[in-house]
Amino acid sequence: MAKPTLSQDELNAALSELGDWTLADDGKSISKKFKFSNFVNAFGFMTKMAIVAEKMNHHPEWFNVYNRVEVTLTTHDSGGITELDVKLATRMNKAAD
């Protein structure tokens, strides 16, 4: 069953709490570029988040080159951004700190 997408007010509140996450032009996803000190730390972050995402049954679109990880979150079966995206983004922020 698809989860409900966030209202504009809910989305604005979430984005203000998430910090550097940005809303896509079409309003259907959020993204962030993480930078780490080296490849091992970047890949370690991805490994940790892969386990978290699997437990949440919510899988990011991401891309890694050396010390950078670019993440895009959306809930495909809802056609937009849901609370699940916000929860995973929050977990990613905490893991990257």
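This text follows the structure it describes.
How each quantity is defined
Residues numbered from 1 in each chain as written. Predicted model: local features only at pLDDT ≥ 70, side-chain atom pairs only at ≥ 80, totals over all residues. Heavy atoms only, no water. 1 Å grid on protein atoms, 1.4 Å probe; cavity = no way out; pocket = protein on both sides within 12 Å on 5 of 7 lines; lining within 4 Å. Points joined across faces, edges and corners; volume = space filled by probe spheres on them. Nonpolar A, V, L, I, M, F, W, Y, C, P; charged D, E, K, R; others polar. Patch = residues over 30% accessible without salt bridge, like charges linked within 9 Å, V, L, I, M, F, W, Y side chains within 5 Å. Areas by Shrake-Rupley, 256 points an atom, 1.4 Å probe, with all protein chains shown as cover. Salt bridge = Lys/Arg side-chain N within 4 Å of Asp/Glu carboxyl O. Helix = DSSP H or I, 4+ residues; strand = E, 2+ residues; numbered from the N terminus. Buried < 20%, exposed > 50% of the residue type's maximum accessible area, 1.4 Å probe, protein only. Expected span 1.5 Å × (residues − 1). Contact = heavy atoms within 4.5 Å.

Q: Could you give me a rundown of the layout of surface pockets, with the residues and numbers involved?
A: With a probe scaled to a water molecule rolled over the atoms, the places where space remains empty come into view. Considered as a void within the structure, the largest pocket measures approximately 180 Å³ in volume. Lining of the largest pocket is provided by eleven residues; of these, N57, H58, T75, D77 and L84 occupy positions nearest its centre. For the lining of the largest pocket, a count of residues per class yields three nonpolar, six polar and two charged.

Q: Tell me what's going on with a nonpolar patch on the surface, and back it up with residues and numbers.
A: Judged by side-chain polarity, F39, V40, F43, F63, V65 and Y66 come together as a nonpolar surface patch covering roughly 600 Å² of accessible area. Every element with two or more residues in the nonpolar patch is listed here: α2 (39-56) and β3 (61-65). The greatest single-element share of the nonpolar patch, amounting to three residues, is contributed by α2. Mapping V40 onto the fold places it in helix α2.

Q: Hey, could you go over the environment of A13 for me, with residue numbers and the actual values?
A: You can see A13 is positioned in helix α1 (residues 8-18). Judged by its relative accessible area of 36%, A13 falls in the partly exposed class. Sequence separation between A13 and Y66 is 53 residues, and the spatial gap between their C-alpha atoms is 32 Å.

Q: Mind laying out helix α3 (residues 83-96), listing which residues take part and the relevant values?
A: End to end, α3 covers 20 Å across 14 residues, agreeing with the expected 20 Å (1.5 Å per residue, within 8%). Looking only at α3, the buried set comprises L84, D85, V86, L88, A89, M92 and N93. Where α3 is buried, its residues contact α1, β2 (30-35), α2, β3 and β4 (68-73).

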